[in-house]
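# Descriptive structure summary
The chain contents come next:
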Amino acid sequence: MNIYVVMKRTFDTEEKVEINDGVIDEEGAEFVINPYDEYAIEEAIVLKETHGGEVTVVTVGDEEAEKELRTALAMGADKAVLLDTEDLDGEMDHYTISEMLGAYFQDKAYDIILGGNVAVDDGAGQTAPRLAEKLGINQLTTITKLDIEGTTATIERDIEGDQEIVEAELPLLVTCQQGLNEPRYPSLPGIMKAKKKPLDTLDLDDLDLDEDDLEAKTKTVDRFLPPEKEAGKKLEGEPAEQVEELVNLLRNEAKVI
Amino acid sequence: MAEKALVLAEVSEGELRNVSFEVIAAGRKVVGDNEVVALLCGDDVSAFSETLIHHGADRVILAEHEDLQNYTTDAYKQAIEQVIEAESPDALLFPHTSPGKDVAPRIATKLDSGLVSDVVELEVDGDEVVFTRPIYSGKAFEKKNVPGSPIFATFRPNNIPPLEADSSRTGETSEVAVEIKDLRTVIKDVIKKTSGGVDLSEASVIVAGGRGVKSAEGFEPLYELADVLGGAVGASRGASDAEYCEYSLQIGQTGKVVTPDLYIAVGISGAIQHLAGMSNSKCIVAINKDAEAPIFDIADYSLTGDLFEIVPLLTEEFKKVKAEA
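Being a predicted model, the structure only gives us computed values, none of them experimental.

Cut-offs applied
Residues numbered from 1 in each chain as written. Chains lettered and ligands numbered in written order. Predicted model: local features only at pLDDT ≥ 70, side-chain atom pairs only at ≥ 80, totals over all residues. Heavy atoms only, no water. Helix = DSSP H or I, 4+ residues; strand = E, 2+ residues; numbered from the N terminus. Rg over C-alpha atoms; globule rule 2.2 N^0.38 Å. Contact = heavy atoms within 4.5 Å. Areas by Shrake-Rupley, 256 points an atom, 1.4 Å probe, with all protein chains shown as cover. Lys, Arg positive; Asp, Glu negative; His and termini not counted. Charge placed at Lys NZ, Arg CZ, Asp CG, Glu CD. Buried < 20%, exposed > 50% of the residue type's maximum accessible area, 1.4 Å probe, protein only. Salt bridge = Lys/Arg side-chain N within 4 Å of Asp/Glu carboxyl O. UniProt positions renumbered as here; feature names shortened; annotations may be inferred. Domains from an automatic or database assignment. Buried area = accessible area lost by both parts, 1.4 Å probe. Polar contact = N/O pair within 3.5 Å; in protein donor to acceptor, adjacent residues only side chain to side chain. Nonpolar A, V, L, I, M, F, W, Y, C, P; charged D, E, K, R; others polar. Axes fitted to C-alpha atoms, helices over the stretch in contact; angles between N-to-C directions. Parallel < 35°, antiparallel > 145°, perpendicular 65-115°, else oblique. Left-handed = near helix turned anticlockwise from the far one by under 90°.

## Focus on the overall build of chain B
When you go through chain B residue by residue, the secondary structure sums to 9 helices and 18 strands. Expected size for 325 residues packed as a compact globule is a radius of gyration near 20 Å; at 21 Å, chain B falls within 12% of this value. C-alpha atoms of chain B, sized along the principal axes, occupy 60 × 45 × 40 Å. In chain B, 63% of the contacts between residues at least 6 apart in sequence involve partners at least 24 apart. As displayed, chain B has an accessible area near 12,500 Å², and 45% of this comes from carbon and sulfur atoms. For chain B, the distance from the average site of its 29 positive side-chain charges to the average site of its 54 negative ones is 5 Å.

## With respect to the side chain of Asp37 of chain A
All names here are of chain A. Assignment of secondary structure puts Asp37 in helix H1 (residues 35-51). Buried charge without a partner: Asp37 forms no salt bridge, and the closest opposite charge is Lys8, 8.0 Å away. In this structure Asp37 touches Val6, Met7, Lys8, Gly115 and Gly116, once residues within four positions along its chain are discounted.

## So, the UniProt feature "domain: Electron transfer flavoprotein alpha/beta-subunit N-terminal" (unreviewed entry) in chain A
According to UniProt, the "domain: Electron transfer flavoprotein alpha/beta-subunit N-terminal" (unreviewed entry) feature falls on residues 21-211 of chain A. Across residues 21-211 of chain A, helical content stands at 29% and strand content at 32%; the span's end C-alpha atoms are separated by 26 Å.

## What to know about the domain arrangement of chain B
Residue and element names in this part refer to chain B. Domain assignment breaks chain B into domain 1 (4-176) and domain 2 (200-324). Spacing between the C-alpha centres of domain 1 and domain 2 amounts to 31 Å. On the domain 2 side, the residues contacting the 11 residues of domain 1 number 12 residues. Taken together, both faces of the contact between domain 1 and domain 2 bury some 930 Å²; the carbon and sulfur share is 33%. Area buried by domain 1 at its contact with domain 2 is led by Ser137, Arg156 and Asn158, which between them contribute 56% of it. Between Glu202 and Arg17 there is a salt bridge, with the nearest N and O atoms lying 3.3 Å from each other. Between the two partners, domain 1 and domain 2, sit 7 residue pairs in polar contact (both at pLDDT 80 or more). Among the residues forming the side of domain 1 that touches domain 2, the class breakdown is 3 nonpolar, 5 polar and 3 charged.

## A closer look at the interface of chain B and chain A
Taken together, the contact between chain B and chain A spans 87 residues of the former and 72 residues of the latter. Buried surface at the junction of chain B and chain A, both sides included, amounts to about 6,900 Å², of which 52% is carbon and sulfur. Sorting the residues of chain B by area buried against chain A places Arg106, Tyr136 and Tyr301 of chain B first, and these three jointly supply 11% of that buried surface. At the boundary of chain B and chain A, one finds 7 salt bridges. Residue Glu142 of chain B is joined to Arg223 of chain A by a salt bridge in which the shortest nitrogen-to-oxygen separation is 3.4 Å.

## Quick word on the domain arrangement of chain A
If you check the domain split of chain A, you get domain 1 (2-214) and domain 2 (228-257). Taking only C-alpha atoms into account, the centre of domain 1 of chain A sits 45 Å from that of domain 2 of chain A.

## Section: the packing of helix H3 (residues 73-87) of chain B against helix H4 (residues 98-110) of chain B
All names here are of chain B. Direction vectors running N to C along H3 and H4 enclose 50°, while the axes themselves pass 10 Å from each other. Between H3 and H4, the angle is such that the two are oblique. The two elements H3 and H4 meet at a crossing, and its hand is right-handed. Contact residues: Thr73, Tyr76, Lys77, Ile80, Glu81 and Ile84 in H3; Asp102, Val103, Arg106, Ile107 and Lys110 in H4. Here the contact of H3 with H4 is built from residues that sort into 5 nonpolar, 1 polar and 5 charged.

Here it is in structure tokens:
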């Protein structure tokens, strides 16, 4: 089975976000594999363990992303590919990223492509469906269970809390939701092996793309932090007193009930 | 100013979702006096067109087809694309819901267009529409626009105020015969897991429990409180990991992002991952026995004490208030 994972390197969400002149300050911040993409990597490895084949992890980014690709290799992926954005000067958006991924996948034989259902930094969830559309393949988003028999996938999806059970034929793109699996930690032998596994870097020329074709279709005009929340009221007294005061405040001050 | 906004309305469990009215209101802002057209896809949805017009749509298009009863990417994409083809709207405004999130990026790709996802606010200045959306799980925000045409955005439920319903408004409703073929996904079953019909992402009141609730039985008083307030029950990751409740109730970084009018956090300490999912709620109440719990830093009203004592008292107090009203 030819298994691919599309992955994003993201800001660790435990980090405090700081913004200077509309730009997110990444100085000294920790970066990680997007947590939803970890589910995708884990599921890809499980598929390989069950059905045989090969797992390739692909990301779009700069050379910094090699660290997260190595982590994916250490978890058990076979190959890693970095689609290098070094030649891109302007703003990138989901259009840019999915065009690059689309160009990469154009001549690949894939049975399944897995991704996270959303990246925790940007939170849009556009890239994977855009890629499926570029490739003209079916997609199932926010999956929580995946079984493949022959060329048929049986899938459980989380649809806003309800569970949907569907069947679809490969090739297929899926996006992974929490609950699908528990991603493994890289083992020490895994980390040693990962150093020798192939990690290819492809630039725009390799992908037969031109910078002009990748111009973002959306423009960011500002980034800002939400206003600091003022300290709230601590209610005091016996539980019954606190409750009475709360209901009064909710009705007459906050006016939410 | 855009000339025609096509907004996607949504029906769930036999009712129009509120977010339908919110995207109509967004459409009105984007087009001014020009046309807001609401598209409703489904199997038998004609009964809803009048309500959409009362809430501000100028015209309603019904795409009725048996394959549109349940959402699949292929069926909805084909139906929506056929309507776009016929109508040539210059603004597309969809709900950022399970179907909207799934289909909008594909349509944007097909149209070679930009898309701004998960919008919570919009400003219109002449031709320019600027969308505000949360990033880094709500720890920051960005403002974006779409320089090309169409303007395309999806809207997070519960953020754009809907227009006041006006039952004297009239408008045309048309039915389009959509052609749907080559469906690649077969729906085998849908298992309802959401509580009492109030959808977490659209609930105006949420009562959420954390590890402090201690057990599945411990959630019972939370359900009673939510019932009295017409709200939904949610949970922290701690509570769902401990199997006190379904994962589907989880609010936070991994889980749902919610912005209700009132969020009551019960026995939730307030880990940063949880705050990511609820910190933009309009009013936050925290109930915790630990006076140092981080949730108190962001709560509007903090109650310190035993939740098993406070929550039932709160339910009784709300009942009393309701009875008086």
